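Descriptive structure summary
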Amino acid sequence: MTLSEVQRSIIDRKICILIPSYNNEKTLRRVLDGVLTYTQNIIVINDGSTDSTSEILKTYSQVSIINLPENKGKGNALKIGFRKAKKSGFDHAITIDSDGQHYPDDIPVFVEALLHEKEDILLIGNRNMFQDGIPKKSSFGNRFSNFWFWFETGIKLEDTQSGYRLYPLHKIPKKYFTPKFEFEIEIIVRTAWKHIPVKNVPIKVLYDPAERVSHFRPFKDFTRISILNTILVTITLLYIIPRNFINNFKKKSFKRFIQEDILESDGSTRTKAFSVALGVFIGFSPLWGLHTLLVISLSVLFKLNKVLAFVASNVSLPPFIPFIIAASLFLGAPFVSGESNIFNQELNFDLVKNNLLQYVIGSLILATVMSLFSGTITFLFLNKVSPDNEKIKA
């Protein structure tokens, strides 16, 4: 794209540039001058800087400036910037750090990528994390973040930590729970949960130790990020995955759902059989309250079919629980000493509590037997229904 085409597209697509800044006096002017090449739609959030940032900004009358009295974190600055951008009538915001690591001449990369999309999208700059000068902690942190983002959304990205991004302002969440660096993880995960595509675009990056000022606190911020990911994973397992499963089921007829999401879903017949076997084993196991968490986590770990495993784990639905408990106590009876005739006692949770070892042993036996049985039946059934599938995978 030519410079004039980029400038016109920024106006037509109502794009602004958000620049959160905290004590980056060495690089701020260079970043602003570079961005002004493309647009004057710039909002700078001075996040309580104590250096000469305020004086520098006074020389840019064409830029919208928000001065915060004290530093409360990048996430807080971005939230304030998003609100200002929406009130000003913008539909998209490109965020660029003021520490000099991002090149303003990559703005056309985001603009061109947006023009090629037919729907709202969130774009994240993809840095070359293997180039010389990239701190090892940054490379490791990015891989760590990429994994959890994939686990929480099912979307695989090369870079989830870059602050150089394009946000669809009217599609991102309206309220947030994190104020600092972890905010940039929260916003992309929760935006993806709203079924907004999240993609990478290639950008350049500069790490100059003589100029760059990093405000990332390794221990405190990594702890905050870990806590956030723990919460997001829990929400993913207990709400997002079941929600998506139910919504997908509602959109299709039962026959179409079975055909498209189960019989023709990714994975060989053998993988699907193992998925059912895993789900059944977890469903019959004595780990009540953890079934969904376990079955999804193990499905991801062993690369099994999460849908099949989740469905199969529901063998322990409430109407079946009394029968499962009775069968478990019966199977566990030969392995404990003393009186264990459950048929002469009232079947309730007090009985389980008083015969806990018997129940645990029996439930594991039941889970193993039913898992092997259901996995074998599933394999034989799917191999007969779609025999070519296994041949193709082989």
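Residues numbered from 1 in each chain as written. Predicted model: local features only at pLDDT ≥ 70, side-chain atom pairs only at ≥ 80, totals over all residues. Heavy atoms only, no water.

Detail in the predicted coordinates should be disregarded across regions flagged by low pLDDT. Residues of the protein chain with pLDDT of at least 70 account for 84%, and the chain-wide mean is 85. Low pLDDT, under 50, characterises residues 388-394; the predicted model gives this stretch ten contacts beyond four residues in sequence or across chains. (pLDDT = per-residue confidence, 0-100. Contact = heavy atoms within 4.5 Å.)

Here we take up the packing of aromatic side chains. One pass over the structure, following the stated rule, counts nine aromatic pairs. Centre to centre, the rings of Phe144 and Trp148 are 6.4 Å apart; their planes meet at 70°, and the pair counts as edge-to-face. Pair noted here: Phe144 and Trp148 are both in helix α6 (residues 136-153), with a separation of four residues, about one helical turn. A relative accessible area of 24% means that Trp148 is categorised as partly exposed. Taking 5.7 Å as the distance between ring centres and 65° as the angle between the ring planes, the aromatic pair formed by Trp148 and Phe151 counts as edge-to-face. Taken together, the positions of Trp148 and Phe151, both in helix α6 and three residues apart, correspond to about one turn of that helix. (Phe/Tyr/Trp six-rings, centres within 6.5 Å; stacked < 30°, edge-to-face > 60°. Helix = DSSP H or I, 4+ residues; strand = E, 2+ residues; numbered from the N terminus. Buried < 20%, exposed > 50% of the residue type's maximum accessible area, 1.4 Å probe, protein only.)

On to the nonpolar core, then. Core analysis: the biggest nonpolar cluster contains 33 residues, and Phe82 and Ile187 have the highest contact counts within it. For this core, the elements supplying multiple residues, two or more each, are β1 (15-21), β2 (42-47), β3 (64-68), α4 (74-87), β5 (122-126), α7 (183-193) and α8 (218-251). Considering every element that reaches this core, the biggest residue donor is α7, with seven residues. Apart from the residues lying within four places of it in its own chain, the contact partners of Phe82 are Leu18, Ala93, Thr95, Tyr167, Leu169, Ile172, Phe183 and Ile187. (Core = buried A, V, L, I, M, F, W, Y, C linked by side-chain atoms within 4.5 Å.)

Direction vectors running N to C along helix α1 (residues 3-12) and helix α5 (residues 107-115) enclose 60°, while the axes themselves pass 10 Å from each other. The angle between α1 and α5 places the two elements in the oblique class. Seen along the crossing, α1 lies across α5 with a hand that is left-handed. Here Val6, Ser9 and Ile10 of α1 come into contact with α5, specifically with Ile107, Pro108, Val111 and Leu115. Taken together, the residues of the contact of α1 with α5 break down into six nonpolar, one polar and no charged. (Axes fitted to C-alpha atoms, helices over the stretch in contact; angles between N-to-C directions. Parallel < 35°, antiparallel > 145°, perpendicular 65-115°, else oblique. Left-handed = near helix turned anticlockwise from the far one by under 90°. Nonpolar A, V, L, I, M, F, W, Y, C, P; charged D, E, K, R; others polar.)

As a further point, take α1. If you check which residues of α1 are buried, you get Val6, Ser9 and Ile10. Taken down its axis, α1 places every buried residue within 105° of arc, on the same side. In the core, the buried residues of α1 are packed alongside β1 and α5. Positive phi shows up at Lys14, right after α1, with a value of about 55°. (Arc of directions from axis to C-beta.)

Quick look at the packing of helix α11 (residues 291-301) against helix α12 (residues 306-313) now. Contact geometry for α11 and α12: axes closest at 9 Å, N-to-C directions at 155°. In terms of orientation, α11 lies roughly antiparallel with respect to α12. Crossing of α11 against α12: the hand is right-handed. For the pair formed by α11 and α12, the contact residues are Thr292, Val295, Ile296, Ser299 and Val300 on the first element and Lys306, Ala309, Phe310 and Ser313 on the second. The residue inventory of the contact of α11 with α12, partitioned by class, reads five nonpolar, three polar and one charged.

A separate point is unusual backbone geometry. With the exception of glycine, the majority of residues adopt a negative phi angle, and the majority of peptide bonds are in the trans configuration. Of note, Lys14 is a non-glycine position whose phi angle comes to about 55°, a positive value. Mapped onto the fold, Lys14 is located in the loop between α1 and β1. Of note in this structure, His195 is not a glycine but carries a positive phi near 70°. Here His195 shows up in the loop between α7 and β7 (198-202). Judged by its relative accessible area of 55%, His195 is exposed.

Here the structure, examined in full by the defined rule, presents nine salt bridges. With a shortest N-O distance of 2.8 Å, Lys74 and Asp97 are connected by a salt bridge. Taken together, the positions of Lys74 in helix α4 and Asp97 in the loop between β4 (92-95) and α5 put the pair 23 residues apart, joining distant regions of the chain. Each member of the pair, Lys74 as well as Asp97, carries the same accessibility label: buried. Among the ionic pairs, Glu184 bridges to Lys74, the shortest N-O distance being 3.2 Å. Of this pair, Glu184 sits in helix α7 while Lys74 sits in helix α4; the two residues are 110 residues apart in sequence, bridging distant segments of the chain. Here the residues in one salt-bridge network are Lys74, Asp97 and Glu184, joined through shared partners. (Salt bridge = Lys/Arg side-chain N within 4 Å of Asp/Glu carboxyl O.)

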